[in-house]
Amino acid sequence: MFTLSELQSNQFEKTDEHFGNVLIVGLGMIGGSVAKALKERSLAYLFGSDRRHDELTLGVATHVIDFEAELNTEFIEKMDIIILATPVRAMEVVLEQIKPFLLDTTLVTDVGSTKGSVVEAARKVFGSVPVNFIPGHPIAGAEKSGVLAANPNLFENHKVIVTPLPNSDALLVDRLHRMWAAIGADVVSMDVTHHDHVLAGSSHLPHLLAYTLVDALANSERSQDVFRFAAGGFRDFTRIASSDPIMWRDVFLANKDATLESLDSFTDHLQQLRHSIEVGDGPAMFGVFTRAKSARDHFLRLLEARSSSSASTAKPISIKVLPASLIKGVINVRGDKFLSHSLITMAALSEGVSEFSNLDMGQGVKVTLQALRDMGVVVEDFGGQRIRIHGVGLNGLKAPIAPINVHESELSLHVLLPVLAAQKFAVTFIAEGYLSSQPFVELLAVVKAMGASVTTSESGCLPFTIATENQLINQYKIDVKGRSRQLKLAALIAGVMSQKEVELKLPRNLEGVDAVLSLFSCEQDAQSVDEITSLLAVQSGQKPQAACLDVPADDNKAAWLVLLACLSPGSRLTIGNAAVSQISSVFLRILKENGANIELQDVHSEQQFAVTEGQIKVSFAAFTGFTVAESEILSVCSELLLLCVAAVYAKGTSRIEGIHNLPYHWEDRVTTFVDALTIIGVPCRLQAGVLEIEGCIPCGGELDSAGDYHLALAMLALGMRSRSPVTVNDCHKLLEEFEEFETIVESLGFHCQIAQ
């Protein structure tokens, strides 16, 4: 047996997986199980304190703890972690006892089933909740009590909810996550208020109903026969009425408001059902039972992927992010939308049969697929983002019987327009929503350079009709002035479709665009002009050949998830199918150089496909302020708003230079995002093309993404550790582009609420 002096002499070396001196206050079944789990895994030196001295003696004798401890300066000042495992009503008394001796560096947590009352006790004792006091709640237990019931495996594969406050020390929050994970728990984060309401509905209210039902039936005139003839359903429903009455009395008193709110809602529904029974309203009852069955079935398959149709049908428009989320899990992200459009278009024009898996089968891609089907392309859809396309060759398309409606899919327009500019029939394009009033001067310039004629309005907006002249010109040059990947893709497709010598003057650092053509055996010769421009010569006479590919992860979604995991204490994320070369290397470098824990593993290139894939592993780390130089600004264009979010949570001031060099639509996004930062209390300045952001904890609030996909993603990330929830409005575009959003955030632990 160790002595306290031996521990002080550093005789025992700590490893990276060692949590130092841990004090358990309250050596009951839960507290004893935590102690025994840590001790048997050699993760800490265990101290115990309990008003029942017999429990302490048993704890040492049964090797649950190493030492008995008192709540005085001799012990409290030497603790690395203090876990309060006392009844909720005793928390205030214990906090009063340890307050005079508690160091700021000591992590203090609890295991109570209500959190609001515990936080209020801490606030009452300390004046405000200390940054090192981080509440927690293991969702585990057993009927037995006392230290002799300690089970070192109690928490394996059980949820533990950590409920940090906005001012909680992020490093200590991360340490608490690591401690629970080290003893086998599935750790999640949740806001304190949200926790109490969730538990009121999922745990407290069912116990209340079970107690009430059994008590009511036991006091009825027919109680003996009720219990005599009760079947398994009654037994299952009322099992929890055998729980500890004293504990549940304290729970209901501690979580009174949330429990009453849940009870009132249930009472209203029960009264409506009673009325339906009374008046014989069968359809109303059937509706309740059907909805309940559906909800129950959903609960049972909660971890299964939701169908893409359900996400698109709901059309939610606002998303409320609750603080204290974490991102944890191993995931393959659905394929890149840009690549998906590109692949199906080139496959339709190829010779042979192409097959792809992990495609983004969102609404935009479906628009492109439907247009190709309307022109005679056979597409076999096997479900699960896997399709087979029977190519018709460069000139095998048939004239559609009606105008092609690209709806609101801008990418569909960019891939289809240069294809049809080379066909022998005229086609009219129409659109819906915002797309019908957007000018496409640069895109039309590309197809006009091919020799096609375009009939459109003076403003260059849809609808317009495109037709091929008698013969496409033999040679031509296209200067792609914009920094748009989709415009570059349109120019490359135009080069392939023309079957002539084509020289494209293109912006550099638009990775992955020309790789699509290489996959279909269409080669290009590249030559650098300067730091930002290159010449790409598309060879004449090349006919695309069929290809197969498991589409790598969408780069925007992957970068967003990487940032979320970097920001949230306790996060451990692995993206298994990341397109490493698609995510800006500058973005990853800036994060890593300023504290991010990001690892690239199993990096490789697909044969004939010049996009590097691999695993990205990310875990939480504290950021420091950083600088994005003017020379780097264009290289992180797509990830720039995410870097702004990283700057918000970084320690110190971050500086982003060269904002004025961005394409106008990205400069507008930055300006809008700066306004959003001001709304939620982030000190920032945008002046003369330089954005400075001072690291802080945002206060939360209501933001408007203006229907912009990139703005919505970045604004949602702002709510990861804000003081209060962040609500992002006008998110319909995000959910259309990111169809699997609900499934991913639910599985990874990102707490948000979607509403119409």
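Residues numbered from 1 in each chain as written. Predicted model: local features only at pLDDT ≥ 70, side-chain atom pairs only at ≥ 80, totals over all residues. Heavy atoms only, no water.

**Student:** Quick question: what am I supposed to make of the sheet that holds strand S3 (residues 67-68) here?
**Tutor:** Strand-to-strand pairing in sheets goes through backbone hydrogen bonds, with the strands running parallel or antiparallel. The sheet built from five strands is open, its strands ordered S3-S2-S1-S4-S5 with parallel pairing. Lying at the two open borders of the sheet, with one neighbouring strand each, are S3 and strand S5 (107-110). Bridge count between strand S1 (residues 21-25) and strand S2 (residues 45-49): five bridges; the pairing is parallel. Looking at S2, one finds that leucine 23 is bridged to phenylalanine 47. (Pairing = 2+ DSSP bridges. Helix = DSSP H or I, 4+ residues; strand = E, 2+ residues; numbered from the N terminus.)

**Student:** Which parts of the structure should I look at to understand helix H21 (residues 555-567)?
**Tutor:** Residue pairs spaced three or four apart in an α-helix point in one direction, given the helix's 3.6 residues per turn. Between the first and last C-alpha of H21 there are 18 Å, a value that for 13 residues agrees with the 18 Å anticipated at 1.5 Å per step. Across the 13 residues of H21, 13 count as buried, placing the element largely inside the fold. Two to three positions downstream of the cap, the backbone nitrogen of asparagine 556 sits 3.0 Å from a side-chain oxygen, assigning the N-cap of H21 to aspartate 554. (Expected span 1.5 Å × (residues − 1). Buried < 20%, exposed > 50% of the residue type's maximum accessible area, 1.4 Å probe, protein only. Polar contact = N/O pair within 3.5 Å; in protein donor to acceptor, adjacent residues only side chain to side chain.)

**Student:** Sorry if this is basic, but what is going on with the pattern of salt bridges here?
**Tutor:** Pairing of side chains with opposite charge becomes possible as their charged atoms draw close. One pass over the full model with this rule turns up 27 salt bridges. With a closest N to O distance of 3.2 Å, glutamate 593 and arginine 589 form a salt bridge. Taken together, the residues span about one helical turn, with glutamate 593 and arginine 589 both in helix H22 (residues 585-593) at a distance of four residues. Glutamate 593 gets classed as exposed once you look at its relative accessible area, which sits at 54%. When its relative accessible area of 31% is taken as the criterion, arginine 589 is described as partly exposed. Taking the shortest distance from any N to any O, the salt bridge between glutamate 737 and lysine 733 comes out at 3.6 Å. Placement of both glutamate 737 and lysine 733 in helix H26 (residues 732-737) is noted, with a separation of four residues, approximately one turn of the helix. Taken as a pair, glutamate 737 and lysine 733 share a single burial class, namely buried. Three or more residues are tied together by salt bridges with common partners; here these are Arg334, Asp360, Lys557, Glu739 and Glu740. (Salt bridge = Lys/Arg side-chain N within 4 Å of Asp/Glu carboxyl O.)

**Student:** Can you walk me through the pairing of strand S11 (residues 353-357) in this structure?
**Tutor:** If a strand is regular, its side chains alternate between the two faces of the sheet. Burial along S11 is one-sided: Ser354 and Phe356 are buried, while Val353, Glu355 and Ser357, pointing the other way, are not. Across four bridges, S11 lies against strand S13 (residues 386-390) in antiparallel orientation. Along S13, the bridge assignment pairs phenylalanine 356 with isoleucine 387. Inspection of the sheet shows S11 paired to strand S22 (residues 548-550) by three bridges, in the parallel sense. Among the inter-strand pairings, serine 357 is bridged to a residue of S22, identified as aspartate 550.

**Student:** How should I be thinking about the sheet that holds S22 in this particular structure?
**Tutor:** Judged by pairing direction, the sheet is mixed, and its four strands sit side by side in the order S12-S13-S11-S22 without closing on themselves. The strands lining the two open edges of the sheet, one partner per strand, are strand S12 (378-383) and S22. For this sheet, the mean angle separating the axes of adjacent strands, direction not counted, is 10 degrees. Relative to S13, helix H15 (residues 337-348) is tilted by about 30 degrees, and along the sheet it contacts S11, S13 and S22. (Axes fitted to C-alpha atoms, helices over the stretch in contact; angles between N-to-C directions. Contact = heavy atoms within 4.5 Å.)

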